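# Notes for the structure review
In case you want the letters, here they are:
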Amino acid sequence: MTGRALRLLYLADIRFPIERANGIQTIETCHALARGGLDVRLVVRTDTHEPPRDPLAYYGVAPLDQFVITQVPLSGGGAARRMGYLRSAVRYALSRGVDAVFTRDLLLASLLLGVPRRLRPPVIYESHGLSDQVAAQLDTLLTGARAASLTKQRRLARREARVWRRAEGYVAITSRLRDALAGRFGPRPDGDATVVVAHDGVRAADIAASQARPRVGRCVAAYAGHLYPWKGVDVFIQALARAPEVDGLVVGGHPAEPDLGRLEQAARDLGLADRVRFTGLVAPRAVASHLAGADVLVLPNVATTLSSDYSSPLKLFEYLAARRAIVASDLPAFREVVGHEREALLVAPGDAEALATALRRLSAEPDFASALAARAAARAAAFSWDVRATTIGGLVTRLATTGGAPVPTV
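Residues numbered from 1 in each chain as written. Predicted model: local features only at pLDDT ≥ 70, side-chain atom pairs only at ≥ 80, totals over all residues. Heavy atoms only, no water.

Ordered in space as β10-β9-β8-β11-β12-β13, the 6 strands form an open sheet in which the pairing is parallel. Looking at the sheet topology across the chains shown, the edges are occupied by β10 (276-280) and β13 (345-347). Between one strand axis and the next, the sheet turns through 20° on average, direction left out of account. Judged from the 2 bridges that link them, strand β8 (residues 219-224) and strand β11 (residues 296-299) form a sheet pairing that is parallel. The residue of β11 that forms the bridge with Ala222 is Leu297. (Pairing = 2+ DSSP bridges. Helix = DSSP H or I, 4+ residues; strand = E, 2+ residues; numbered from the N terminus. Axes fitted to C-alpha atoms, helices over the stretch in contact; angles between N-to-C directions.)

Right under this line is the structure:
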């Protein structure tokens with residue numbers, strides 16, 4: 001491999017671009033890894049939007065010679081498209097010249113790890129939660145979703161245990177998730193040597209470009225992101241009803257999902273129609289301009305296993321970079337990033353009165369709010385996409401240079 005950059009294959013079975021956080025995380029991670037010196041090929045599904053959108057333009061990232069996006073055309077029903085993507089992904093993974101494979105897809109990782117090691121590159125799996133626990137809570141996480149059956153939960157647990165034992169590299173999204181994986185499945189054969197924690201991040205340029213906001217008129221508190229029940233936006237609306245000196249802004253809400261309508265109705269029922277503005281879905285690069293008009297940014301997640309221990313929400317890092325005061329639920333995963341009264345006010349999750357109290361305090365104490373915002377912006381630098389890429393890129397390099405055998409053409 002001397003004389004050329006290491007080649008990383010990133011496999012994501014998602015239509016691309018996609019209006020969800022996993023699309024942002026995927027392209028920002030790949031782009032940062034490419035900037036850091038790897039040759040990165042991202043393999044995804046084709047866009048279903050008409051006309052198809054350019055992923056680079058949609059996410060606002062610059063073209064790079066060392067970053068290539070391959071969109072796999074698929075047809076048929078959901079199961080047929082899934083099988084078609086898996087076949088294509090395995091073919092790409094076993095092609096000559098791939099130095100490492102990276103994926104968040106548990107089934108795909110398991111399939112690749114079934115190939116003899118001499119015939120494939122190292123596999124790095126990124127975990128965002130214990131898969132069986134997430135599947136068991138789907139009905140509370142996504143509107144209209146159904147919890148997985150016990151049979152499926154057991155199958156997922158067995159698959160994750162297998163990937164934990166066999167994957168050459170492992171990335172956990174939080175420290176608590178890393179510890180939970182080790183506690184659940186035991187130590188990996190090589191201990192902690194090939195397990196890293198890599199939180200999500202934010203663009204370093206966004207941190208540098210952010211500016212403090214002097215209070216003009218009424219205090220505005222904003223939330224940006226999806227509106228699923230576990231995100232706690234219902235609690236935010238209830239808190240605004242208890243904090244009449246604060247106006248609200250909700251940025252997001254997919255038009256094909258019922259959550260936006262539910263929350264708009266909740267605001268009307270509480271007499272907040274004139275105090276809460278809903279933008280609906282906006283393009284990823286437009287979010288920052290909306291947040292710039294707010295004084296306080298709110299992350300009101302309710303307590304679930306996913307949000308308490310495993311969530312590394314993009315909006316937390318976007319909030320840090322925005323140089324605004326933050327109010328967030330007091331959850332263990334969030335405390336890995338921010339401290340109470342240091343970079344944010346942390347309040348009991350699901351407690352509308354506690355959230356309202358924090359909003360009223362920040363409205364009444366603008367100097368304190370400004371100090372929180374300044375410390376938040378300083379903290380953001382530790383969570384740029386480049387920092388994440390350095391962590392993951394170091395793992396890729398170790399595996400590719402110490403354990404990467406030549407892979408034959410198939």
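Past the structure itself, the notes keep going.
On to the packing of helix α3 (residues 78-93) against helix α4 (residues 106-113). One way to put it is that α3 packs onto α4 with a least axis distance of 11 Å and a crossing angle of 45°. Taken together, the axes of α3 and α4 are oblique relative to one another. Crossing geometry of α3 relative to α4 is assigned as right-handed. Two secondary-structure elements touch here, α3 through Arg82, Tyr85, Leu86, Ala89, Val90 and Ala93 and α4 through Leu107, Leu108, Leu111 and Leu112. Here the residues of the contact of α3 with α4 sort into 9 nonpolar, no polar and 1 charged. (Parallel < 35°, antiparallel > 145°, perpendicular 65-115°, else oblique. Left-handed = near helix turned anticlockwise from the far one by under 90°. Contact = heavy atoms within 4.5 Å. Nonpolar A, V, L, I, M, F, W, Y, C, P; charged D, E, K, R; others polar.)

The subject of this paragraph is empty space enclosed by the protein. Rolling a probe over the atoms, with the probe sized like a water molecule, indicates the empty space that remains. For the coordinates displayed, the defined rule picks out 1 cavity of 30 Å³ or more. Volume-wise, the largest cavity comes out at about 40 Å³. Residue classes in the lining of the largest cavity are distributed as 8 nonpolar, 2 polar and 1 charged. (1 Å grid on protein atoms, 1.4 Å probe; cavity = no way out; pocket = protein on both sides within 12 Å on 5 of 7 lines; lining within 4 Å. Points joined across faces, edges and corners; volume = space filled by probe spheres on them.)

All chains considered together, the criterion is met by 29 salt bridges. Here Glu19 ties to Arg53 by a salt bridge, and the two come within 3.0 Å at their closest N and O atoms. Taken as a pair, Glu19 in the loop between β1 (7-15) and α1 (21-35) and Arg53 in the loop between β2 (39-45) and α2 (55-59) lie far apart in primary sequence, 34 residues in all. The partner of Asp206 in a salt bridge is Arg285, and the shortest N-O contact between them spans 3.1 Å. Of the two residues, Asp206 sits in helix α9 (residues 204-209) while Arg285 sits in the loop between β10 and α12 (287-291), which places them 79 residues apart along the sequence. Looking at Asp206, the relative accessible area reads 23%, which means it is partly exposed. (Salt bridge = Lys/Arg side-chain N within 4 Å of Asp/Glu carboxyl O. Buried < 20%, exposed > 50% of the residue type's maximum accessible area, 1.4 Å probe, protein only.)

Mapping Leu299 onto the fold places it in strand β11. Relative accessible area serves as the criterion here: at 0%, Leu299 is assigned to the buried category. Discounting residues that sit within four places of it in the chain, Leu299 has contacts with Pro313, Lys315, Leu316, Tyr319, Val327, Ala328, Ser329 and Phe334.

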